[in-house]
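# Architecture at a glance
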Amino acid sequence: MILPGFYLQVSIEAQQLNVMGQGGVVKSYPISTAKNGPGQQMGSECTPTGWHQIRAKIGAGLPPRSVFVGRRPTGEIYTDELARQYPDRDWILSRILWLTGLEPGKNRYGQVDSGWRYIYIHGCPDELINGKPGSHGCIRMRNSDIIELFEWVRPGCRVYIQ
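Residues numbered from 1 in each chain as written. Predicted model: local features only at pLDDT ≥ 70, side-chain atom pairs only at ≥ 80, totals over all residues. Heavy atoms only, no water.

## Here we look at the pairing of strand β10 (residues 158-161)
Burial along β10 is one-sided: Val159 and Ile161 are buried, while Arg158 and Tyr160, pointing the other way, are not. Bridging between strand β1 (residues 7-11) and β10 involves three bridges; their strand directions are parallel. Its bridge partner being in β10, leucine 8 is matched across the sheet by valine 159. Where strand β4 (residues 50-58) lies against β10, four bridges are found, and the strand directions are antiparallel. Across the sheet, residue histidine 52 finds its bridge partner in β10, namely valine 159. (Buried < 20%, exposed > 50% of the residue type's maximum accessible area, 1.4 Å probe, protein only. Helix = DSSP H or I, 4+ residues; strand = E, 2+ residues; numbered from the N terminus. Pairing = 2+ DSSP bridges.)

## Overview of the pattern of salt bridges
On inspection of all chains with the given rule, the structure shows three salt bridges. Residue aspartate 90 pairs with arginine 140 through a salt bridge whose shortest N-O separation is 3.1 Å. Taken together, the residues span a long stretch of sequence, with aspartate 90 in the loop between α1 (80-85) and β7 (92-101) and arginine 140 in strand β9 (residues 139-141) at a distance of 50 residues. (Salt bridge = Lys/Arg side-chain N within 4 Å of Asp/Glu carboxyl O.)

## Considering the pairing of strand β2 (residues 16-21)
The buried fraction of β2 amounts to five of the six residues, a majority that puts the element mostly inside the structure. Bridging between β1 and β2 involves five bridges; their strand directions are antiparallel. Bridge assignment links tyrosine 7 to a residue of β2, and that residue is methionine 20. Between β1 and β2, which follow one another and run antiparallel, lie four residues, and glutamine 15 among them has a positive phi close to 55 degrees. Here β2 pairs with strand β3 (residues 24-32) via six bridges, running antiparallel. Of the residues in β3, the one forming a bridge with valine 19 is lysine 27. In textbook terms, the turn of a hairpin is the stretch between consecutive antiparallel strands, and for β2 and β3 this stretch comprises two residues.

## Focus on the nonpolar core
One broad trend across soluble globular proteins is that nonpolar side chains are buried collectively. Residues Leu8, Leu17, Ile121 and Leu149 are the most contacted members of the largest nonpolar core, which totals 22 residues. For this core, the secondary-structure elements that each account for two or more residues are β1, β2, β3, β7, β9, α2 (143-152) and β10. Sorting elements by how many residues they give to this core places α2 first, with four residues. Grouped together as the second largest cluster of nonpolar side chains are seven residues, Ile58, Phe68, Ile92 and Ile96 included. (Core = buried A, V, L, I, M, F, W, Y, C linked by side-chain atoms within 4.5 Å.)

## Some remarks on a nonpolar patch on the surface
A cluster of nonpolar side chains, Met42, Tyr109 and Trp116, forms an exposed patch at the surface whose accessible area comes to about 320 Å². Checked against the element boundaries, tryptophan 116 lands in the loop between β7 and β8 (120-123). Overall, tryptophan 116 belongs to the partly exposed group, its relative accessible area being 47%. (Patch = residues over 30% accessible without salt bridge, like charges linked within 9 Å, V, L, I, M, F, W, Y side chains within 5 Å. Areas by Shrake-Rupley, 256 points an atom, 1.4 Å probe, with all protein chains shown as cover.)

Here you go:
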């Protein structure tokens, strides 16, 4: 579990999530942020910037590659065959860390609220983590990575996106 003084740092430029401790980077993960780049506006499909916190953790105990729609598990397990069956799905897999903004007017309230935009850190098909932005605003991670991170953090953990 992440201790006081630790937080998550998301680098849009580097496509990397760092677990930050008092001495610097404790662990790094490759990620994929929004194909449309950084931005705050509702409907932009951009990754919001600034200070956030984890609002909720969803998916504890579910099998790796469990599929979610509307933050609820569908009972499906992601496979290549399922991907071919639903080629247009935005795959949210394994675990969800739902974020909420902490900066009123920037990423909280009104048309810029990250929580109301349903911005998550979540698992995705592992091949989508390729060093390139590709999401619809969320922060995508490999399934094994999001499962590991999910176990370390708790609601309220700070997340800085830059």
